[in-house]
Each structure stands twice: as structure tokens, then as C-alpha cells.
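As a plain string of letters, each chain reads:
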Amino acid sequence: MRPIDAELLSGSALYQEVVLRKLAHARESVWMATANVKAMYVERSKGAFVPLLEVLDGLAARGVALRLLHAELPSRPFRAAFDARSRLVKGGLELKVCPRVHFKAVVVDGAWVYLGSANLTGAGLGAKGDDVRNFEMGFVTEDFDTIDRTTALFEAVWTGAECRGCRLRAVCPDPILPSGGGQAKKRGRDAVRLGKSRRLRRPREDST
């Protein structure tokens with residue numbers, strides 16, 4: 001064990017630090033990992049709230065590289081909001097899914113990281129009141145070793161390095177194969193392709 005310089009936060013302090021102070025002001029990149037993602041809202045100015053995707057769209061317009069790694073097909077409101085933002089659909093926000101993702105992390109500019117319990121949902125890292133938001137805890141740090149280990153795990157999942165030997169491939173909606181691994185088979189009506197060249201393809205039942 002070694003000491004690191006970190007700050008432990010909970011409740012609305014997580015939302016304010018992670019989303020409002022850091023994510024919203026990223027200059028180069030934001031990598032987000034979450035077990036659940038919803039169309040959450042954040043405060044843009046005092047008393048005015050906007051979807052997180054609007055904030056991400058603004059970052060993409062400035063050239064900030066955005067990645068979102070999550071465990072399952074996003075909620076319908078999130079997908080509808082995503083589809084309405086052509087810059088994000090065209091690759092401004094890359095998304096990939098892995099059902100084994102349960103860690104929650106936000107890495108900003110490769111130099112700051114949040115690790116904790118809160119998902120990218122209104123009750124997690126969104127602008128909810130203290131009397132309705134989840135009870136969450138997490139820490140933030142600029143410790144390089146912590147950032148390196150977090151980004152190493154993120155990159156291993158993102159690139160598919162963990163796919164070939166994964167024992168959940170049979171139930172994975174979108175295996176991310178290693179280079180030369182061949183083409184993934186479409187698995188039923190809920191198959192989804194996510195990411196810069198892996199678009200959100202809704203199940204047929206959602207198209208009406």
C-alpha cells in the first residue's frame with residue numbers, strides 16, 4: 001500500500017465536482033465508464049438545467065474526444081436524445097457496451113479521475129435533489145498510478161482485449177473482437193452496435 005492524495009465525496013458534492021467542475025470543462029478527452037446510463041440533466045447556469053448530452057455535444061464541438069463504456073443498451077430517452085444530436089451520432093461520442101462493466105469512472109484529460117459507486121443517471125451523478133438522489137460515495141484524484149490503472153482497464157475492455165476468453169460471450173449483445181478475430185454474430189432482436197463505427201441500432205420494436 002502507498003498513500004495517495006485524494007478527496008472522498010458523497011451526495012451532491014460528487015455531482016458538482018465530477019460533472020460541473022471537471023467533465024463540463026474538459027479540454028482534451030473524457031472517458032466515462034458506467035453500469036447504467038440515462039438521459040440525466042445537469043445545471044448549465046443557475047436555475048437552468050440541460051441534458052448531459054447537450055454538454056457532451058458542446059465538448060465534441062470543441063474537439064474533446066468522448067468515450068462512453070457501459071453495461072447495457074441505454075434507456076430509450078437517452079437513445080432518442082442521442083439520435084437528435086448529429087455531431088454525437090457521427091462519432092462525437094463513441095459508445096461501446098460490455099455486460100461485465102460494473103466499475104464507475106470518469107477520466108478527464110488523462111490527468112484526473114473519479115472512481116466510485118455513482119452511475120451516469122440522474123439519481124447518481126445528475127442534478128437531483130439531496131432528498132431523492134441515491135446514497136453514493138466516491139473519490140477523485142490526480143494520482144498518476146490510479147489514473148494509469150483505470151485507463152488500462154478501460155482500454156482493455158474498449159479494444160476487446162478481454163473478449164476472446166470471456167465466458168459471457170454467448171450472452172453479450174455486441175462482442176468487441178480483438179484484431180483478426182472475425183465478425184461478431186448478430187444475437188437476436190436486441191443486438192446493438194455502438195461506437196464511432198458501431199451505431200445505435202434499436203431493436204425493431206423501438207422503431208415505431
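Everything quoted here is computed from the prediction, not taken from an experiment.

Caption draft 1: Fine view of the overall build of the protein. A tally of helices and strands in the protein yields five helices and nine strands. In the protein, the order of α-helices and β-strands from amino to carboxyl end is β-α-β-β-β-α-β-α-α-β-β-β-β-α. Residues counted as buried form 46% of the 208 residues belonging to the protein. Contacts in the protein between residues far apart in sequence, at least 24 positions, make up 70% of those at least 6 positions apart. In the structure as shown, the protein presents an accessible area of about 11,300 Å², 50% of it carried by carbon and sulfur atoms.

Caption draft 2: Quick peek at the pairing of strand β6 (residues 93-97). Counting buried residues in β6 gives four out of five residues, a clear majority hidden from the surface. As paired elements, strand β5 (residues 65-70) and β6 share five bridges and run parallel to each other. Residue pairing in the sheet places Leu66 in a bridge with Leu93 of β6.

Caption draft 3: A look at helix α2 (residues 52-61). Burial analysis of α2 places seven of its 10 residues in the buried class, which makes it a mostly covered element. Taken residue by residue, α2 has Leu52, Leu53, Val55, Leu56, Asp57, Leu59 and Ala60 as its buried positions. Backbone geometry just after α2 places Gly63 at a positive phi near 90 degrees.

Caption draft 4: Focus on the layout of surface pockets. In this structure, the largest pocket spans a volume of roughly 260 Å³. Broken down by element, the lining of the largest pocket gets its largest block of residues, three residues, from helix α5 (residues 144-158). Here the residues of the lining of the largest pocket are counted per class, giving 15 nonpolar, two polar and four charged.

Caption draft 5: Representation of the UniProt feature "domain: PLD phosphodiesterase" (unreviewed entry) in the protein. The UniProt record marks residues 102-124 with the feature "domain: PLD phosphodiesterase" (unreviewed entry), using the residue numbering of this structure. The straight-line gap between the two end C-alpha atoms of residues 102-124 is 14 Å; of that span, 0% is helix and 43% is strand.

Caption draft 6: Just the environment of Val42, in detail. Mapped onto the fold, Val42 is located in strand β3 (residues 41-45). Once the C-alpha coordinates of Val42 and Tyr15 are considered, the two residues, 27 residues apart in sequence, prove to be 8.6 Å apart. When near neighbours in sequence (up to four residues on either side) are disregarded, Val42 contacts Tyr15, Val19, Leu20, Ala48, Phe49, Val50, Leu52, Val55 and Ala127.

Caption draft 7: Broad picture of unusual backbone geometry. Here the phi dihedral of Asp109 falls at roughly 55 degrees; this positive angle occurs in a residue that is not glycine. By secondary structure assignment, the location of Asp109 is in the loop between β7 (104-108) and β8 (112-116). Given a relative accessible area of 22%, Asp109 falls into the partly exposed group.

Caption draft 8: Looking closely at the packing of aromatic side chains. All chains considered together, the criterion is met by two aromatic pairs. Each ring, one from Trp31 and one from Phe154, has its centre 4.9 Å from the other, and the planes form 25 degrees; the classification is stacked. With a gap of 123 residues between them, Trp31 in strand β2 (residues 29-34) and Phe154 in helix α5 connect regions that are remote in the sequence. In this pair, the class of Trp31 matches that of Phe154, namely buried. Ring geometry for Phe154 against Trp158: centres 5.7 Å apart, planes inclined by 25 degrees, an arrangement best described as stacked. Taken as a pair, Phe154 and Trp158 lie in helix α5 at a separation of four residues, close to a single helical turn. The same class applies to Phe154 and to Trp158, which are both buried.

Rules and cut-offs
Residue positions are given per chain, counted from 1 along the sequence in the order it is written. The model is predicted, so local features are restricted to residues of pLDDT at least 70 and side-chain atom pairs to those at 80 or more, both for listing and for counting; the totals for chains, interfaces and linings are taken over all residues. Working from all heavy atoms in the structure, the side-chain values ignore hydrogens and water. Where helices and strands are cited, they refer to DSSP runs of H or I of at least four residues and of E of at least two residues respectively, numbered from the N terminus. Burial classes: relative accessible area under 20% of the type maximum marks a residue as buried, over 50% as exposed, and values in between as partly exposed (1.4 Å probe, protein chains only). Any two residues whose heavy atoms approach within 4.5 Å are treated as being in contact. Surface accessibility follows the Shrake-Rupley procedure with a 1.4 Å probe radius. Residue values consider only the protein chains on display as shielding. For two strands to count as paired, DSSP must find a minimum of two bridges between them. Both site types are read off a 1 Å grid over the protein atoms alone. A 1.4 Å probe that fits but cannot get out defines a cavity, while an open set with protein on both sides within 12 Å along at least five of seven lines defines a pocket; lining residues have an atom within 4 Å of a point. Grid points are joined across faces, edges and corners, and a volume is the space filled by probe spheres set on the points. Basically, the charged four are Asp, Glu, Lys and Arg, the nonpolar ten are Ala, Val, Leu, Ile, Met, Phe, Trp, Tyr, Cys and Pro, and anything else, Gly included, counts as polar. UniProt positions are given in the numbering used here, feature names are shortened, and annotations may be inferred rather than shown by experiment. Here the aromatic set is Phe, Tyr and Trp, taking the six-membered ring for Trp, and pairing holds for ring centres within 6.5 Å; pairs whose planes are under 30 degrees apart are stacked, those over 60 apart are edge-to-face, and all others are tilted.

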